[in-house]
Amino acid sequence: QVQLVESGGGLVQAGDALTLSCTVSGLTFSHYQLAWFRQAPGKEREFVGTVRWDSASTYYADFVKGRFTISRDNAENTAYLEADYVTPEDTAVYYCAASSRISHRTLYLSATEEYDYWGQGTQVTVSS
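So, here is what we can say about the structure in this document.

Procedures and definitions
- Residues numbered from 1 in each chain as written.
- Predicted model: local features only at pLDDT ≥ 70, side-chain atom pairs only at ≥ 80, totals over all residues.
- Heavy atoms only, no water.
- Helix = DSSP H or I, 4+ residues; strand = E, 2+ residues; numbered from the N terminus.
- Rg over C-alpha atoms; globule rule 2.2 N^0.38 Å.
- Contact = heavy atoms within 4.5 Å.
- Areas by Shrake-Rupley, 256 points an atom, 1.4 Å probe, with all protein chains shown as cover.
- Lys, Arg positive; Asp, Glu negative; His and termini not counted.
- Charge placed at Lys NZ, Arg CZ, Asp CG, Glu CD.
- Buried < 20%, exposed > 50% of the residue type's maximum accessible area, 1.4 Å probe, protein only.
- Polar contact = N/O pair within 3.5 Å; in protein donor to acceptor, adjacent residues only side chain to side chain.
- Pairing = 2+ DSSP bridges.
- Axes fitted to C-alpha atoms, helices over the stretch in contact; angles between N-to-C directions.
- Disulfide = S-S within 2.5 Å.
- Core = buried A, V, L, I, M, F, W, Y, C linked by side-chain atoms within 4.5 Å.
- Salt bridge = Lys/Arg side-chain N within 4 Å of Asp/Glu carboxyl O.

The subject of this paragraph is the overall build of the chain. Across its full length, the chain holds 0 helices and 11 strands. In the chain, the succession of α and β elements from N to C terminus is β-β-β-β-β-β-β-β-β-β-β. The C-alpha atoms of the chain give 14 Å as radius of gyration, which agrees with the globular expectation for 128 residues (14 Å, within 12%). By principal-axis analysis of the C-alpha atoms, the chain measures approximately 40 × 30 × 30 Å. For the chain, restricting intrachain contacts to residue pairs at least 6 apart in sequence, the fraction spanning at least 24 positions comes to 60%. For the chain, the exposed area adds up to about 6,700 Å²; of that, 45% sits on carbon and sulfur atoms. Each charge class in the chain was averaged separately, 9 positive and 15 negative side chains, and the resulting centres sit 6 Å apart.

Here's what the structure looks like:
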């Protein structure tokens, strides 16, 4: 059984740093590209960023503007989303997802349909 479990969300202050974690079980972690998505109230789920199976490349949505870093530790079967600082516009449920479409080329996987497995999400609420 495949499980992706996000953690690290909660109520934070604008300007604070934030780190989210995603622990994965039930699959060979290094065989999958990992990504983070988010969904704010009343909005569609949107792509945040992704990291290749071997951490050789990353790809981010334009709105990130250098504030977020996505990484992974294959020895720990864990992916991370680190925010240097958050703003109220970052308030959303954050999801991690895994795609089997790995390659030795950079894959710009930004659509929900391109991912096979999803976590249940962790709520991030940013106060001003």
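Below, the discussion takes up the environment of Thr-122. When you line up the elements, Thr-122 lands in strand E11 (residues 122-127). For Thr-122, a relative accessible area of 10% gives the class buried. Apart from the residues lying within four places of it in its own chain, the contact partners of Thr-122 are Glu-6, Ser-7, Gly-8, Gly-9, Leu-20, Ala-92, Val-93 and Tyr-94. Among the polar contacts made by the side chain of Thr-122, one reaches the main-chain amide nitrogen of Gly-9 at a distance of 3.2 Å.

Moving on, we get to the sheet that holds strand E3 (residues 18-25). Here we have 4 strands laid out as an open sheet, ordered E1-E3-E8-E7, and antiparallel in their pairing. In the strand order of this sheet, the two ends are held by strand E1 (3-7) and strand E7 (68-73), each with one partner. Averaged over all neighbouring strand pairs, the angle between strand axes comes to 15 degrees, with direction disregarded. Relative to strand E8 (residues 78-83), E7 runs antiparallel, the two being bridged by 6 bridges. Following the sheet pairing, Thr-69 is matched in E8 by Glu-82.

Two cysteines form a disulfide when their sulfur atoms are joined by a covalent bond. As enumerated under the stated definition, the model contains 1 disulfide in all. Disulfide pairing is shown between Cys-22 and Cys-96; the S-S distance is 2.0 Å. On the sign convention where negative means left-handed, the S-S torsion of about 55 degrees between Cys-22 and Cys-96 marks this disulfide as right-handed. With Cys-22 in strand E3 and Cys-96 in strand E9 (residues 92-99), this residue pair connects regions lying 74 residues apart in the sequence. As far as burial versus exposure is concerned, Cys-22 and Cys-96 are alike and both buried.

Within the largest apolar cluster, 27 residues are counted, with the highest numbers of intra-cluster contacts made by Trp-36 and Leu-81. Among the elements of the structure, E3, strand E4 (33-39), strand E5 (46-51), E7, E8, E9 and E11 are those that each provide at least two residues to this core. Core analysis: the next-biggest nonpolar cluster, separate from the first, contains 7 residues, Phe-37, Phe-47, Ala-61 and Tyr-115 among them.

Quick look at the pattern of salt bridges now. Here the structure, examined in full by the defined rule, presents 5 salt bridges. Taking the shortest distance from any N to any O, the salt bridge between Asp-90 and Arg-38 comes out at 2.9 Å. Highlighted residues: Asp-90 in the loop between E8 and E9 and Arg-38 in strand E4, separated in sequence by 52 residues. Of the two residues, Asp-90 and Arg-38, neither departs from the other in class, the shared state being buried. Bridged by salt links that share partners, the residues Arg-38, Glu-46, Arg-67 and Asp-90 form one connected network.

Shape descriptors only; they carry no functional weight alone.
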